[in-house]
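Structural characterization, general
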Amino acid sequence: MPDSQPQPQPPSNPPGSPGTPGPSGPAALLLCGARLTDGRTVDVRLGGGRIEAVGTAGSLAPGESRTGLTRVDLSGYLLLPAPAEPHAHGDTALSAEHPGPVSYAPEDVQRRATQAALLQLGLGATAVRAHVRVGDVQGLGALGAVLRARRSLRGLAELTTVAMPRLLTGVAGADGLAMLRDAVKMGASVVGGCPDLDPDPTGYVEAVLEVASEHGCPVDLHTDAADPARLARLAAMAGGLRPGVTIGPCAGLARLPAQVASRAADRLAAAGVTVVCLPQGTCGGAGRRGTAPVRLLRAAGVRVTAGGGALRDISNPVGRGDPLEAAYLLASVHGLRPEDAYDAVSSSARAALGLPQVRVEAGFPAELLAVRGDRLAGALSLAYSRIVVHRGRVVARTSAVREYCHPTGTGEPGLPRQGRGELS
């Protein structure tokens with residue numbers, strides 16, 4: 001196995017340019033011999049960015065009238081709805097690899113945000129929500145850079161942005177509030193921030209909800225959720241807002257007494273608030289480390305999804321941003337069934353981002369991930385080889401081959417070579 005992965009680079013030709021298939025007219029695909037989580041082996045035909053048909057293996061051979069159909073052999077692969085990344089930091093991603101303070105020069109932010117989104121796309125995430133700081137020294141420059149990265153990735157992945165001002169209350173917060181409104185006009189599709197860092201956290205939440213209500217935007221807030229009274233006020237204010245409120249990483253909930261945490265979870269469920277946990281580690285605005293009490297929240301009826309958080313920045317210099325690793329940790333550390341753990345990074349994550357539901361059935365969007373293996377538990381454990389489909393096109397491939405050398409060094413056969421086998 002290779003001990004490092006190549007750094008992804010932006011596409012040399014933007015999607016839609018000559019020689020590059022455009023997002024509006026993807027070629028038809030036939031995914032052959034894929035395994036589903038229910039044990040069936042099927043062929044899946046894609047067209048127009050959607051799943052056209054699912055049938056038993058060999059049953060969807062193209063008719064004489066069907067031309068331009070490309071076959072992709074998925075023998076040995078498990079086919080799943082693609083993950084989505086609900087909590088990324090595109091403006092600071094990959095910055096730990098460079099000494100000194102994080103550069104917010106627009107060209108540096110755009111390069112890092114693009115490379116981070118491509119890394120996460122290769123891992124399976126066809127949609128990414130990036131939290132971007134606005135105000136202070138970076139003004140709106142970092143947001144503009146991430147929005148340019150979004151345009152360059154069109155047709156490869158969906159990149160949306162959350163505007164995150166530092167302060168919103170008092171005299172010092174007036175500039176932040178104006179900046180937040182400007183960020184929405186500029187193209188930020190979600191309003192957010194970190195109320196825990198404001199002298200008046202409740203006032204901060206009120207300001208965010210007001211801007212969101214004005215523009216019809218979702219809300220996504222960073223909070224440790226360690227103060228139950230403050231969390232109760234947030235839930236009360238968020239209850240009537242549509243299209244919805246997401247908070248995370250909420251690690252402080254796990255430090256509260258069980259009864260207190262349970263009452264807080266009930267309030268969040270009643271208000272329809274989604275919680276994004278970060279099982280792989282914290283992020284710059286998250287405060288103390290830890291993971292939200294996933295099972296308690298789910299038992300209360302809270303929609304819980306999982307994100308990657310920091311991707312090799314100062315908060316987590318070894319962060320991978322891998323949705324399957326997040327699902328693996330939810331299963332191995334927090335005791336979720338593999339199916340529920342994967343739901344947290346796929347269906348629930350897509351719902352948190354306001355994206356259409358995906359199932360491997362006719363009529364659903366062709367947002368898919370094929371992982372080497374035939375069982376979900378094994379895929380979460382050893383998910384090295386992956387094929388990613390976005391809008392009905394294969395947009396990323398990662399393959400791995402494990403070889404064993406003979407102990408005598410003679411090269412004699414006898415030890416297995418695992419490439420297409422279940423462990424690759």
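It should be noted that the structure appears before, not after, this text.
Now for a quick tour of the structure. (Residues numbered from 1 in each chain as written. Predicted model: local features only at pLDDT ≥ 70, side-chain atom pairs only at ≥ 80, totals over all residues. Heavy atoms only, no water.)

1. Re a positive patch on the surface
A cluster of basic residues, Arg148, Arg150, Arg151 and Arg154, forms a positive patch at the surface. Along the chain, Arg150 falls in helix 2 (residues 141-152). Note on Arg150: relative accessible area 33%, which makes it partly exposed. (Patch = residues over 30% accessible without salt bridge, like charges linked within 9 Å, V, L, I, M, F, W, Y side chains within 5 Å. Areas by Shrake-Rupley, 256 points an atom, 1.4 Å probe, with all protein chains shown as cover. Salt bridge = Lys/Arg side-chain N within 4 Å of Asp/Glu carboxyl O. Lys, Arg positive; Asp, Glu negative; His and termini not counted. Charge placed at Lys NZ, Arg CZ, Asp CG, Glu CD. Helix = DSSP H or I, 4+ residues; strand = E, 2+ residues; numbered from the N terminus. Buried < 20%, exposed > 50% of the residue type's maximum accessible area, 1.4 Å probe, protein only.)

2. Regarding helix 6 (residues 258-271)
In this model helix 6 runs 20 Å from its N-terminal to its C-terminal C-alpha over 14 residues, within 8% of the 20 Å that 1.5 Å per residue would give. Looking at helix 6, one finds that the buried residues are Val260, Ala261, Ala264, Ala265, Leu268 and Ala271. An end-on view of helix 6 places all buried positions within 135° of arc, on one side of the element. Those residues of helix 6 that are exposed and angled more than 90 degrees off the buried face are Ala258, Gln259 and Ala270. Structurally, helix 6 contributes buried residues whose contacts are with helix 5 (228-238), strand 11 (245-249), strand 12 (274-277) and helix 7 (294-300). (Expected span 1.5 Å × (residues − 1). Arc of directions from axis to C-beta. Contact = heavy atoms within 4.5 Å.)

3. Topic: the pairing of strand 7 (residues 127-134)
By the criterion of burial, strand 7 is predominantly enclosed, with 7 of the 8 residues buried. Inspection of the sheet shows strand 6 (residues 85-88) paired to strand 7 by 2 bridges, in the parallel sense. Each residue of the ladder has a partner; that of Ala88, found in strand 7, is Ala130. Bridging between strand 7 and strand 8 (residues 158-165) involves 8 bridges; their strand directions are parallel. By the bridge assignment, Arg133 is partnered in strand 8 with Met164. Tracing the backbone out of strand 7, into helix 2 and back to the parallel element strand 8 gives a crossover that is right-handed. (Pairing = 2+ DSSP bridges. Right-handed = clockwise from strand over helix to strand, strands pointing away.)

4. A word on the nonpolar core
One finds Val219, Ile247, Leu253, Leu268 and Leu297 to be the most contacted residues of the largest nonpolar core, which totals 84 residues. The element contributing the most residues to this core is helix 4 (residues 201-215), with 7 residues. Those residues within four positions of Leu253 in sequence are excluded, and the remaining contacts are Asp224, Ala225, Leu231, Ala261, Ala264, Leu268, Pro293 and Leu297. (Core = buried A, V, L, I, M, F, W, Y, C linked by side-chain atoms within 4.5 Å.)

5. Considering the pattern of salt bridges
Across all of its chains, the model carries 18 salt bridges by this definition. Here Glu97 ties to Arg312 by a salt bridge, and the two come within 2.6 Å at their closest N and O atoms. Linking Glu97 in the loop between strand 6 and helix 1 (106-122) with Arg312 in the loop between strand 13 (304-306) and helix 8 (323-332), this pair joins segments that are 215 residues apart in sequence. For Arg312, a relative accessible area of 17% puts it in the buried group. Here Arg391 and Glu158 are joined by a salt bridge, their closest N and O atoms 2.4 Å apart. Of this pair, Arg391 sits in the loop between strand 15 (386-390) and strand 16 (393-398) while Glu158 sits in strand 8, and the two are 233 residues apart along the sequence.

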